[in-house]
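# Close look at the chain arrangement
What follows is the residue order along each chain.
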Amino acid sequence: MAALPLYAQLINLLAALLLLLAFAMLAQRRVRSLIDLFAAQGLALSVSTAIVAFGTHQQHLYWSAGLTLFLKVLLLPWLLHRLIAKLDVKWDVEGLINVPTTMLIGIVLVVFSFNLALPIAQLASTVTRATLGIAMASVMLSFLMMITRRKAIPQVVGFLSMENGLFFAATSATYGMPLVVELGIALDVLVGMLILGVFFFQIREQFDSLDLKHMEKLKEGE
Amino acid sequence: MTLTGFLSQLLQLAIALLLAPLLMGWVNQCRAWLSNRSAPSLLLPYRMIRKLFMKDAVVAEHASPIFRATPYIVFGAMCCAAAIVPSLATDLPFARAADTIALVGLFALARVFIALAAMDIGTAFGSLGARREMFVGFLAEPALLMVLFTASLISGSTSLPTIVETFAHREIAIYPSLAFAGVAFTMVSLAENARIPVDNPATHLELTMIHEAMILEYSARHLALIEWASALKLFNYSCIGLALFFPFGIAVGAADWLAILGAAPALIAKLAAGGFALALIETLSAKMRIFRAPEFLGTAFLLAVLAMLVNLLLGS
């Protein structure tokens, strides 16, 4: 086994942690704990970006690590918590499929994305290329979470954690995107979150619940 | 087979047999301390086994030979397992006969017989306990196998002594896969040893029992053997965990006597720490409903599979 430098080992550890947190989010039933897990995922992402920055001397990655820390660990969870308090939701998250089945589908997705990432990772020359599979897996798991959840807030958290996965993929495959692009995405996510927050209120006003199955009907009174 | 190997094999087996009740007593004592009760004596399990051996056995009228044979089979299986798992030294002549898969098979053998014996008498609680035990067992076993496979993938062998030797010799590196496997192994051990999130070893309420419900009909020497065997099982699981995740201090290779004798205090210290951790987990968690067990063990399986996949992907 080729001995990796310590920082690469730490990145591998954090990547594994990221995957674990994605699964934990998939299994989590409570909305508030879901948001805490999302914050933890953001923290793992931020720390791993900082370590990549330290290991490869890419100054701009420090900025994106800081941006991740501020946006995904502090601001977005705070916004979501406030939103939940305002909407006064305390229900448990309902899934369309029960938790063990979701987990098994998740494992299949992980195997799929690991296989998919293997040839791509061969092309990359970065130290962190092996973690590309994990990044893709966490994107897939977030997708799965958006599909299997019925309520609006967990779906939004799934969307945000998908962005985490994409960000991690960018860091592991090419040492991150240019700072301008990252700033743009961060702003997009923030604005998207704010707009979705307004949407929540609208949805609830219209249907008296945040269950998205009401939105499948096109007309009223069917 | 060298003489030293033979002797270290015997020594290890003797230590397992002697220390297993002590470990049980230590866990009970820690549990009592943590829940602010006055602790029972550390030697209580020994006294109980001695008391039970001196009593006359009462066997149900319709008991078949399976019922009588089961305590001996279970105890024998646990002794075999104790001989395979390297707790003091890796130079174990007997361990070459069986690898980790056979080890899981030994645990399964014990489980099958104890479940058969529980159903043999035909009491309601016995068959209830047996069904629950099989229910937990069939979920825990694949997770345990996956954990062992992860360790085998890293070391390139399914034989426990070889795994321990590889792990003890490797350079210090962070293995995310082993961290996952460790958590999965802890969860499986809790379920397999009838510990709190899955089963309560101290319960007196038959309806919530799993392990205890199966052995309700046993008395005297049979019960003593089964109690001793469950203590051995806990000891074996602790030693597997220590061997896989904390292989420091075990005498590696064709060791001399000094190394083996030096391994004993290390083993006791590690077991004491492990027992305290077990008591801590048990005190901090509440018993789950039996139908939450699939979720608990499913998570363990998931973690073990993730450990293997991460190991394949990252090579660490």
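From a predicted model like this one, the values you see are computed outputs, not experimental measurements.

Conventions and cut-offs
Residues numbered from 1 in each chain as written. Chains lettered and ligands numbered in written order. Predicted model: local features only at pLDDT ≥ 70, side-chain atom pairs only at ≥ 80, totals over all residues. Helix = DSSP H or I, 4+ residues; strand = E, 2+ residues; numbered from the N terminus. Expected span 1.5 Å × (residues − 1). Buried ≥ 20, exposed ≤ 12 C-beta atoms within 10 Å, placed from the backbone. Core = buried A, V, L, I, M, F, W, Y, C linked by C-beta atoms within 7 Å. Contact = placed C-beta atoms within 7 Å. Nonpolar A, V, L, I, M, F, W, Y, C, P; charged D, E, K, R; others polar.

### What to know about helix 1 (residues 6-27) of chain A
If you check helix 1 of chain A, its first and last C-alpha atoms are 32 Å apart, about what 22 residues at 1.5 Å a residue would give, namely 32 Å. Burial analysis of helix 1 of chain A places 16 of its 22 residues in the buried class, the great majority of the element.

### Notes on the nonpolar core
Formed by 161 residues in total, the largest nonpolar core has its most connected members in Leu18 of chain A together with Ala143, Val147, Ala184 and Ala304 of chain B. Per-element accounting of this core gives the leading share, 16 residues, to helix 9 (residues 220-245) of chain B. Residues in contact with Ala143 of chain B, not counting those within four places in the same chain, are Ala184, Val188, Leu297, Ala300, Phe301 and Ala304 of chain B.

### Focus on helix 11 (residues 293-314) of chain B
Counted at 1.5 Å a residue, the expected span for helix 11 of chain B with its 22 residues is 32 Å, and the 31 Å between its end C-alpha atoms agrees. Helix 11 of chain B sits mainly inside the fold: 17 of its 22 residues count as buried.

### Let's talk about unusual backbone geometry
Unlike most non-glycine residues, His57 of chain A shows phi in positive territory, near 55 degrees. For Ala194 of chain B, which is not glycine, the phi torsion reads 55 degrees and is therefore positive. With respect to the element layout, Ala194 of chain B can be found in the loop between helix 7 (176-192) and helix 8 (211-214). Note on Ala194 of chain B: 21 C-beta atoms within 10 Å, which makes it buried.

### Side note on the interface of chain A and chain B
On the side of chain B, 17 residues touch chain A, which itself brings 20 residues to the contact. No other element matches helix 1 of chain A, which puts eight residues into the side of chain A that touches chain B. Residues of the side of chain A that touches chain B, tallied by class, amount to 17 nonpolar, three polar and no charged.

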